[in-house]
Amino acid sequence: MLTTEQTIMWMEKMSIKVQENKEYLTSLDQAIGDGDHGINLSRGFSEVVSKISATNYNSSSDVLKDVAMTLMSKVGGASGPLYGTAFLKLSMALNEKESTFETFTTGVDEALNGIIMRGKAQPGEKTMVDVWSPVVKLFKETNEFNSDKLKDVAREAAEATKDVKATKGRASYLGDRSIGHIDSGSMSSYYLFEALAEVLSEGAK
Amino acid sequence: MSSVGIVLISHSSKIVDGVYDLISQVMTDVPISVAGGTNDGEIGTSIDKILAAIEEVYNEKGVLLLYDLGSAMMNAELAVELSGYENIIVGENVPLVEGGYVAAVESSMGKTLEEVYAAVKTI
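Cut-offs applied
- Residues numbered from 1 in each chain as written.
- Chains lettered and ligands numbered in written order.
- Predicted model: local features only at pLDDT ≥ 70, side-chain atom pairs only at ≥ 80, totals over all residues.
- Heavy atoms only, no water.
- UniProt positions renumbered as here; feature names shortened; annotations may be inferred.
- Helix = DSSP H or I, 4+ residues; strand = E, 2+ residues; numbered from the N terminus.
- Rg over C-alpha atoms; globule rule 2.2 N^0.38 Å.
- Buried < 20%, exposed > 50% of the residue type's maximum accessible area, 1.4 Å probe, protein only.
- Contact = heavy atoms within 4.5 Å.
- Areas by Shrake-Rupley, 256 points an atom, 1.4 Å probe, with all protein chains shown as cover.
- Pairing = 2+ DSSP bridges.
- Right-handed = clockwise from strand over helix to strand, strands pointing away.
- Core = buried A, V, L, I, M, F, W, Y, C linked by side-chain atoms within 4.5 Å.
- Axes fitted to C-alpha atoms, helices over the stretch in contact; angles between N-to-C directions.
- Parallel < 35°, antiparallel > 145°, perpendicular 65-115°, else oblique.
- Left-handed = near helix turned anticlockwise from the far one by under 90°.

Under the annotation held in an unreviewed UniProt entry, chain B carries the name phosphoenolpyruvate--glycerone phosphotransferase and is attributed to Aquibacillus salsiterrae. The Catalytic activity (unreviewed entry) comment attached to chain B in UniProt states, word for word, "dihydroxyacetone + phosphoenolpyruvate = dihydroxyacetone phosphate + pyruvate". Per its UniProt entry, chain B bears the Subunit (unreviewed entry) comment "Homodimer. The dihydroxyacetone kinase complex is composed of a homodimer of DhaM, a homodimer of DhaK and the subunit DhaL."

Novice: So what about the overall build of chain B? Which residues, and what values?
Specialist: Within chain B, the secondary structure is distributed over 5 helices and 4 strands. Taken against the 2.2 N^0.38 rule, which gives 14 Å for 123 residues, the C-alpha radius of gyration of chain B at 13 Å falls within 12% of a compact globule. Considering only C-alpha atoms, chain B reaches an extent of 35 × 30 × 25 Å along its principal axes. In chain B, which comprises 123 residues, the proportion classed as buried is 54%. Expressed as a percentage of contacts within chain B between residues at least 6 apart in sequence, the contacts between residues at least 24 apart total 75%. Split by element, the accessible area of chain B, about 5,400 Å² in all, is 53% carbon and sulfur.

Novice: Talk me through the pairing of strand β3 (residues 63–67) of chain B; I want residue IDs and the actual numbers.
Specialist: All names here are of chain B. Within β3, 5 of the 5 residues are buried, which leaves the element mostly enclosed by the surrounding structure. Taking every second residue as pointing to the same face, both faces of β3 are buried, with Val63, Leu65 and Tyr67 on one and Leu64 and Leu66 on the other. Bridge count for strand β1 (residues 5–10) against β3 is 5 bridges, and the pairing is parallel. Looking across to β3, one finds that Val7 is bridged to Leu65. Relative to strand β4 (residues 88–90), β3 is paired through 3 bridges, and the arrangement is parallel. By the bridge assignment, Leu64 is partnered in β4 with Ile89. Once the chain exits β3 it traverses helix α3 (residues 70–83) before rejoining the sheet at β4, and the crossover so formed is right-handed.

Novice: Can you break down the nonpolar core residue by residue, with the values?
Specialist: Trp10(A), Met11(A), Phe87(A), Trp132(A) and Leu65(B) are the most contacted members of the largest nonpolar core, which totals 77 residues. The greatest single-element share of this core, amounting to 10 residues, is contributed by helix α9 (residues 184–204) of chain A. Residues contacting Trp10(A), with those up to four places away along its chain left out, are Leu2(A), Leu64(A), Phe87(A), Leu90(A), Phe104(A), Leu192(A), Ala195(A), Leu196(A) and Val199(A). Val16(B), Leu96(B), Leu113(B) and Tyr117(B) belong to the second-largest nonpolar core, a separate cluster that totals 20 residues.

Novice: Give me the packing of helix α1 (residues 4–20) of chain A against helix α3 (residues 37–53) of chain A: which residues, what numbers.
Specialist: All names here are of chain A. The interhelical angle for the contact between α1 and α3, taken along N-to-C directions, is 150°, at an axis separation of 9 Å. The angle between the axes of α1 and α3 places the two elements in the roughly antiparallel class. In terms of crossing hand, the pair formed by α1 and α3 is left-handed. Side by side, α1 and α3 meet where Ile8, Met11, Glu12, Met14, Ser15, Val18 and Gln19 of the first sit next to Gly38, Leu41, Ser42, Phe45, Ser46, Val48, Val49 and Ile52 of the second.

Below, the structure written as C-alpha cells:
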C-alpha cells in the first residue's frame, strides 16, 4: 500500500506541515504544556528529512526505522520517544512483508500500542492516543484506504481533545484549566495522518 | 565491593548538577552520574546522555535511574532497552532530590538494587 517513495514523501509532507504550523503547535503547547512541541517537532522532522534524503532505501520499513531512530535521538521532549516508538513499531510491522492495507493496519495498530506502552496513556486522557485510537479503529473497520475519511476522523479527534480534561502528561498538572485547549500532540498526529492521506490520494490518481 | 550505580536524569542540567553536588557533600564512595538537558544543552532529555550516564556507573550490582518529569521517564526506559543491561531499574514517580539522596545512602551501605529501590519507594 505504501511504497518506499511514498514513505519518503509522507515524511517530507509531514515536515512541511510541522514547519508551517510550528507557531500554532507551540501556542497550543504553551497554553497547557511546556511549549516545546512546535520547536521540537520542526527540528525533529527537519533532521528526519535530511537523513532520509541522503540515504538510499529498499523498503518503507527501512525508511521508517531511520525516522524512528532520528526522532528518538534528536527530540528532547515527549514527542521524541513517543513518535519514535510509533514509527519503530510501524517499521517492524512492515518489515519484509508485502505492503498491503492489512499489514499497514497491523502496523498502525502496533504503533498505537507502542505509544500506549511508552507513554502509559489510555484513550480519553487528552494525549495523541486520542487521535491514534480512532484512526486505528477506522483502518480496522474498513478494507481499503479512504483518504477523505482518514483526514476527517483524525481532524475531528484532534479537535475533540479541546473539551477534555488532561489526566496525563505535563498538562495534567493544570487540571480543569487544561479544558478549552486542543492537545498539541493530537494536533501533530492529525498532521501526520493528513500528510499520509494526501500522499496516498496523489498516488491513486 | 561495588555499590549500586545511580543515574540522575532531568530536563535541566542545572537540576541534576545541583542534586549531584548535594549528595556528593555527604557521599563520596557511590557511583553517581548525571544526564541533564538535551544534546544541545537545552531543556529536555537525551537518550545519548542517559546511555552515557548508565555506562559511567554500570557495575554488576546494577543501576537505579531517577528522573524529574514524565518525558524523561520515557527516554530513561528507552535508554535502558537500548543499553541491553538487565539489572537496571527506572524508579517510577520518585522525587529526584530526596530519592537521589536516599538511594546514595542505601547504595553506600552495600545494599542490593532491589533494596535500594525499595527504600526510595517509601519516600
